[in-house]
Amino acid sequence: NALLVEDSTNPDASPFVIDASGEVIVRYTTTVATQNYGVTALTGSLQQHGTVQSASSTTIFNWSTSGASSANLILNKSLSGVIGTRGAVTTAGNDLGAITFTGDDGTNFIPAASILAEVDGTPGTNDMPGRLVFSTTADGAATPTERMRIDNTGAVGIGTTSLTVYNLRIGKTITGA
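Time to look at the overall build of the chain. Across its full length, the chain holds 0 helices and 13 strands. Put simply, the chain runs from its N terminus to its C terminus through helices and strands in the order β-β-β-β-β-β-β-β-β-β-β-β-β. Buried positions account for 18% of the 177 residues belonging to the chain. Taking as baseline every contact in the chain between residues at least 6 positions apart, the subset at least 24 positions apart corresponds to 17%. Of the roughly 12,400 Å² of accessible surface on the chain, 53% is carried by carbon and sulfur atoms.

In structure tokens, the structure reads:
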């Protein structure tokens with residue numbers, strides 16, 4: 001029902017487990033739930049645990065000789081609901097992907113900050129307008145609040161819902177479109 005791979009000279013020291021639900025766990029034996037950028041509990045299908053930075057870090061390498069080639073982390077979103085079947089993301093505000101930074105409060109992992117990518121306009125064929133939303137959690141709070149937004153036109157809002165276009169030139173800010 002589960003696959004457990006461990007070091008025979010030091011069992012349970014750094015196991016690799018695929019549990020009965022198909023979750024992959026590295027350096028631990030069971031999955032641990034956390035919070036996503038919102039407030040819902042989330043148990044990831046791939047978890048890597050460690051007590052030092054190198055044991056709890058994932059590194060992606062690209063050994064290409066091309067300067068145009070890079071290592072990538074790609075988050076994909078479809079509204080199909082069926083794996084392998086396409087379903088167009090068609091609505092402004094649909095979440096596309098998030099990176100959430102959490103800390104343990106002694107009981108739960110609580111979000112401290114997040115970066116969220118959302119649809120920002122009306123998508124069409126070969127057209128996916130997007131925005132980035134940067135959020136942080138205030139002292140005394142348990143959920144992140146939007147602090148900065150970059151919309152699909154490049155306009156930026158910091159601490160406000162009013163967005164401004166900034167053209168940056170060698171250390172000098174010029175406002176206006």
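Taken as a whole and assessed by the stated rule, the structure comprises 1 aromatic pair. Taking 5.4 Å as the distance between ring centres and 15 degrees as the angle between the ring planes, the aromatic pair formed by phenylalanine 61 and tryptophan 63 counts as stacked. What makes tryptophan 63 exposed here is its relative accessible area of 74%.

Attention shifts here to the confidence of the model for the chain. When pLDDT is low, close inspection of the predicted coordinates is not appropriate. With 87% of its residues at a pLDDT of 70 or more, the chain shows a mean pLDDT of 83. Mean pLDDT across the secondary structure elements of the chain bottoms out at strand S13 (residues 172-175), with 54, and peaks at strand S9 (residues 130-136), with 95.

This next bit is on the sheet that holds strand S7 (residues 95-104). Read across the sheet, 5 strands follow the order S7-S8-S9-S10-S11 without closing on themselves; strand pairing throughout is antiparallel. The sheet terminates laterally at S7 and strand S11 (156-158), the two strands that pair on one side only. Each strand of the sheet is rotated relative to its neighbour by a mean of 20 degrees, with strand direction disregarded. As defined by bridge partners, strand S10 (residues 145-150) adjoins S11 across 3 bridges and the pair is classed as antiparallel. Bridge pairing in S11 places methionine 148 opposite isoleucine 158.

Another point: the pattern of salt bridges. Evaluation of the coordinates by the stated rule reveals 3 salt bridges. Between glutamate 118 and arginine 131 there is a salt bridge; the shortest N-O distance is 2.7 Å. Taken together, the residues glutamate 118 in strand S8 (residues 109-119) and arginine 131 in strand S9 connect sequence positions 13 residues apart. Here glutamate 118 matches arginine 131 in class, with each residue buried. A salt bridge links arginine 131 to aspartate 120; the nearest nitrogen and oxygen atoms lie 2.6 Å apart.

In space, the 4 strands of this open sheet follow the order S1-S2-S3-S6, with mixed pairing throughout. Taken across any chain shown, the strands that pair with only one partner, and hence form the sheet edges, are strand S1 (3-5) and strand S6 (46-48). Sheet twist, expressed as the mean angle between neighbouring strand axes with direction ignored, is 10 degrees. For S1 and strand S2 (residues 16-18), the ladder comprises 3 bridges, and the chain directions are antiparallel. By the bridge assignment for S2, leucine 4 is matched with valine 17.

This brings us to the layout of surface pockets. Of the volumes computed, that of the largest pocket is approximately 1,200 Å³. Along the walls of the largest pocket sit 29 residues, with Thr34, Leu46, Gln47, Ile99 and Thr100 positioned nearest its centre. Counting only elements with at least two residues in the lining of the largest pocket, the list comes to strand S4 (34-35), S6 and S7. With 7 residues, S7 is the single largest residue contributor to the lining of the largest pocket. The residue inventory of the lining of the largest pocket, partitioned by class, reads 13 nonpolar, 16 polar and no charged.

Calculation rules
Residues numbered from 1 in each chain as written. Predicted model: local features only at pLDDT ≥ 70, side-chain atom pairs only at ≥ 80, totals over all residues. Heavy atoms only, no water. Helix = DSSP H or I, 4+ residues; strand = E, 2+ residues; numbered from the N terminus. Buried < 20%, exposed > 50% of the residue type's maximum accessible area, 1.4 Å probe, protein only. Contact = heavy atoms within 4.5 Å. Areas by Shrake-Rupley, 256 points an atom, 1.4 Å probe, with all protein chains shown as cover. Phe/Tyr/Trp six-rings, centres within 6.5 Å; stacked < 30°, edge-to-face > 60°. pLDDT = per-residue confidence, 0-100. Pairing = 2+ DSSP bridges. Axes fitted to C-alpha atoms, helices over the stretch in contact; angles between N-to-C directions. Salt bridge = Lys/Arg side-chain N within 4 Å of Asp/Glu carboxyl O. 1 Å grid on protein atoms, 1.4 Å probe; cavity = no way out; pocket = protein on both sides within 12 Å on 5 of 7 lines; lining within 4 Å. Points joined across faces, edges and corners; volume = space filled by probe spheres on them. Nonpolar A, V, L, I, M, F, W, Y, C, P; charged D, E, K, R; others polar.

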